[in-house]
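Breakdown of the fold
Below, each chain spelled out in residue letters.
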Amino acid sequence: MKRRRRAERHKFLVISIVTLCLVFILGLTCGSFLSKAKGKDRNVSGQKRYTSVQIQSGDTLWELADTYGDSVYASKSAYIKEVIRINSLSSEDCIISGQYLILPYYTEEHFP
């Protein structure tokens, strides 16, 4: 009788451990798929590219963000910060007519 109870406890313990391991692995797998799906939503606008734009009189970084910024960026401000960084600008008020800026944008086109 003691052997039988001990055997049943052992069996229960093994089944419990195996079940917990399977649940843990399944949780990791589902979490991985969900995080990849979220990452894809962020990049739905395609591949990142750059273009050179000559600044015209009256242009502002905010207007350029309206034209070239994409939903990939958290905000227009985030896009402007990247433009400032890429072009080594000192502030957002330092663009002048005739100047060329490198602007990032996203496209669905695939180039070789």
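Residues numbered from 1 in each chain as written. Predicted model: local features only at pLDDT ≥ 70, side-chain atom pairs only at ≥ 80, totals over all residues. Heavy atoms only, no water.

Some thoughts on the packing of aromatic side chains
Scanning all chains against the criterion turns up 2 aromatic pairs. Measuring from centroid to centroid gives 5.0 Å for Y73 and Y79, while their planes differ by 85°, and the two rings are edge-to-face. Since its relative accessible area comes to 13%, Y73 is described here as buried. Taking 6.0 Å as the distance between ring centres and 70° as the angle between the ring planes, the aromatic pair formed by Y73 and Y106 counts as edge-to-face. One end of the pair, Y73, is in the loop between α2 (61-68) and α3 (76-86); the other, Y106, is in strand β2 (residues 100-107), and 33 residues separate them in sequence. Here a set of aromatic residues connected by ring pairs shows up, and it is made of Y73, Y79 and Y106. (Phe/Tyr/Trp six-rings, centres within 6.5 Å; stacked < 30°, edge-to-face > 60°. Buried < 20%, exposed > 50% of the residue type's maximum accessible area, 1.4 Å probe, protein only. Helix = DSSP H or I, 4+ residues; strand = E, 2+ residues; numbered from the N terminus.)

Topic: a nonpolar patch on the surface
Where nonpolar side chains cluster on the molecular surface, the patch consists of V14, V18 and L22 and spans about 260 Å² of accessible area. With respect to the helices and strands, V14 occurs in helix α1 (residues 2-42). (Patch = residues over 30% accessible without salt bridge, like charges linked within 9 Å, V, L, I, M, F, W, Y side chains within 5 Å. Areas by Shrake-Rupley, 256 points an atom, 1.4 Å probe, with all protein chains shown as cover. Salt bridge = Lys/Arg side-chain N within 4 Å of Asp/Glu carboxyl O.)

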